[in-house]
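Close look at the chain arrangement
Letter by letter, the chains look like this.
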Amino acid sequence: MQQNKIILFGAGICGYEVFKFLGESNILCFCDNDERLIGEERYGKQVISFDDLKNSHKEDVIIICVINSKAAYDIAKQCEEGHISDYLFYKDIKGKFSDGGHLLDYIKNPINRAYIRQKAYINRINELSRQVDYLKGHTDIRRMKPAQGKLRARQLELVKGSAEFFTRIDSLEIKPILYGGNLLGHVRHNGFIPWDDDIDFALIRKEYEMLKEYCRQHIYTVYEFNNKSIISGEKEVADDMKDYYWRDGADLFTVYKPINNGDRIRIDFFVLDYYAEDYSVNELLEYSKEVNKKIVEDSDIGKRIEYFEEVRRENKHHTVSNSNNVYFGIDNTEIRHKFHRGQWIPKDVVFPLKRVLFEGEYFWVPNDSEEFVQYEYENIWSFPDNVGIFEHMNMDYRM
């Protein structure tokens, strides 16, 4: 940055106000998004384009001269996307300094500029939080519109891919149950939660282990899939299964299928257990706390898988082949969630399963889906903290 030289982004009334406050000699030029002004002079200073700004002035200090909050943050986003990070919002420093000299002295220090930006974004976060809280209090979550664009296409790919996979393993005669956020979406939105970007299924223990064993024998592991030429002939994989691979995540089991553009379909499976009549939910949850401490201490996936096998053996006398008490398996991520209703899921809430149409494909759901999801979520009719956040895929779904 030239000594005491600053670029003002915005050549309107606010820009003129800053220009006069800081003094003509301290302003290098203006920048503006209005193409009619580019190349012209304002108040004796040239107006440059944003392209000129990002190509020739990335090291200079930019003051965004727009009072409207949204417009100011739109310009800040434009700067960030252009790899320009040294900018200030005039709306946040207006009236904080007695004269332009004091302001110039203060913002000469890059630490001070960073502090001003930090305060500006804290204010923005608080402002957006108030807006979200307002909308939550004045909107019925059940009336939200479905996802659109890339996210919607992604959701339908997940549904189609899951249905296709289940057709290919129908000889197992297992019944994957729509689960987690997808079951909540079925209950609350008659389809996907509008911002959901994955698909989950649950299986009772016997069927869960059947699926895992089938995959071990007939589907590539991640390593085998990525090294087919090396392991060719070592594993018999049917032609209609050569596009799939699986991964044991210790507390869930996942089947993948690559699709276009380097993306992949991911189908997650979680286990449900029958528990003995003389065993209590509180005993299970206390035991799960001990298990959680251990897995937090050791993040190595191989060791975690071995540990969960040991845990299942220890817990085996508390699980049975059939009972009136159903709950999440000790090796199910759900067991470590903060919310628990404090009682077993009655068997008749889960079984007999029902066949429903979900986003164009038929899947199994619990006998009483609305009751079941209330063992997973504390308040199924309220907006969660992660509303609108895509949590599982590294993809921009806005388009």
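As a reminder, the structure under discussion sits directly above these lines.
Note that the coordinates shown come from a computational prediction; the quantities given were computed from them, not determined experimentally.

Details of the overall build of the chain
- Counting secondary structure elements, the chain contains 15 helices and 17 strands.
- Expected size for 399 residues packed as a compact globule is a radius of gyration near 21 Å; at 29 Å, the chain overshoots this value by more than 25%.
- By its C-alpha atoms, the chain is 85 × 50 × 40 Å across when sized along the principal axes.
- When each of the 399 residues of the chain is scored for burial, the buried share is 46%.
- For the chain, long-range pairs separated by at least 24 residues make up 64% of all intrachain contacts whose partners lie at least 6 apart in sequence.
- In the form shown here, the chain has an accessible surface area of approximately 21400 Å², with 47% of it arising from carbon and sulfur atoms.
- Each charge class in the chain can be summarised by its mean position, and for the 55 positive and 68 negative side chains these summaries are 3 Å apart.

Quick notes on the sheet that holds strand β3 (residues 41-42)
- Strand order in the open sheet made by the six strands is β3-β4-β2-β1-β5-β6, with mixed pairing throughout. Strands at the two margins of the open sheet, each flanked by one partner only, are β3 and β6 (87-89).
- As defined by bridge partners, strand β1 (residues 6-9) adjoins strand β2 (residues 27-31) across four bridges and the pair is classed as parallel. For I7, the partnering residue across the bridge sits in β2 and is C29.

Notes on the nonpolar core
- Counting residues in hydrophobic clusters, the biggest one holds 78 residues, and the most contacted among them are F165, I169, L211, F269, L272, Y327 and I345.
- With eight residues, strand β12 (residues 264-275) is the largest single contributor of residues to this core.
- Other than its neighbours up to four places away in sequence, Y327 contacts L272, D273, Y275, L284, L285, I335, H340, R341, Q343, W344, I345 and Y375.
- With 22 residues, the next largest nonpolar core counts C14, C65, F97 and I116 among its residues.

Quick notes on helix α9 (residues 205-218)
- Over its 14 residues, α9 runs 20 Å from end to end, which matches the ideal 20 Å to within 8%, given 1.5 Å per residue.
- Among the residues making up α9, those that are buried are R205, E207, Y208, L211, K212, Y214 and C215.
- Looking at the packing, one finds that the buried side of α9 touches α7 (149-168), β8 (199-204), β10 (245-248), β11 (253-258), β12 and α13 (301-315).

Notes on the pattern of salt bridges
- Throughout the structure, instances matching the rule amount to 26 salt bridges.
- Residue D86 is joined to R117 by a salt bridge in which the shortest nitrogen-to-oxygen separation is 3.1 Å. Separated by 31 residues along the polypeptide, D86 in the loop between α3 (69-81) and β6 and R117 in helix α6 (residues 110-137) bring together distant segments of the chain.
- Using a relative accessible area of 15% as the deciding quantity, one classes D86 as buried.
- Judged by its relative accessible area of 16%, R117 is buried.

Considering the state of the cysteines
- Taken as a whole and judged by the stated rule, the model has zero disulfides.
- Its sulfur unpaired, C14 is 5.1 Å from the next cysteine sulfur, which belongs to C65.

A closer look at the packing of aromatic side chains
- Enumeration over the complete set of coordinates arrives at 32 aromatic pairs.
- Between F225 and Y245, the ring centres sit 4.7 Å apart and the planes meet at 35°, which makes this aromatic pair tilted. You can see F225 sitting in helix α10 (residues 222-226) and its partner Y245 sitting in strand β10, a full 20 residues away along the chain.
- Accessibility expressed as a relative area gives 17% for F225, which makes it buried.
- Judged by relative accessible area, Y245 falls into the buried class, the value being 8%.
- Put simply, the rings of F165, F166, F192, F201, Y244, F269, F358 and F363 pair up and form one aromatic cluster.
- For the cation-ring pair, K91 lies above F89, with the distance from its terminal atom to the ring centre recorded as 5.8 Å.

Brief notes about the pairing of β8
- In terms of residue burial, β8 counts as a mostly covered element, since six of its six residues are buried.
- Burial of the side chains of β8 extends over both faces: I199, F201 and L203 are buried on one face and D200, A202 and I204 on the other.
- Bridging between strand β7 (residues 177-178) and β8 involves two bridges; their strand directions are antiparallel. Within β8, the position partnered with L178 by the bridge is F201.
- Pairing geometry for β8 and β12, over six bridges, is parallel. Looking across to β12, one finds that I199 is bridged to I267.

Scoring rules and cut-offs
- Residues numbered from 1 in each chain as written.
- Predicted model: local features only at pLDDT ≥ 70, side-chain atom pairs only at ≥ 80, totals over all residues.
- Heavy atoms only, no water.
- Helix = DSSP H or I, 4+ residues; strand = E, 2+ residues; numbered from the N terminus.
- Rg over C-alpha atoms; globule rule 2.2 N^0.38 Å.
- Buried < 20%, exposed > 50% of the residue type's maximum accessible area, 1.4 Å probe, protein only.
- Contact = heavy atoms within 4.5 Å.
- Areas by Shrake-Rupley, 256 points an atom, 1.4 Å probe, with all protein chains shown as cover.
- Lys, Arg positive; Asp, Glu negative; His and termini not counted.
- Charge placed at Lys NZ, Arg CZ, Asp CG, Glu CD.
- Pairing = 2+ DSSP bridges.
- Core = buried A, V, L, I, M, F, W, Y, C linked by side-chain atoms within 4.5 Å.
- Expected span 1.5 Å × (residues − 1).
- Salt bridge = Lys/Arg side-chain N within 4 Å of Asp/Glu carboxyl O.
- Disulfide = S-S within 2.5 Å.
- Phe/Tyr/Trp six-rings, centres within 6.5 Å; stacked < 30°, edge-to-face > 60°.
- Lys NZ or Arg CZ within 6 Å of the ring centre and 35° of its normal.

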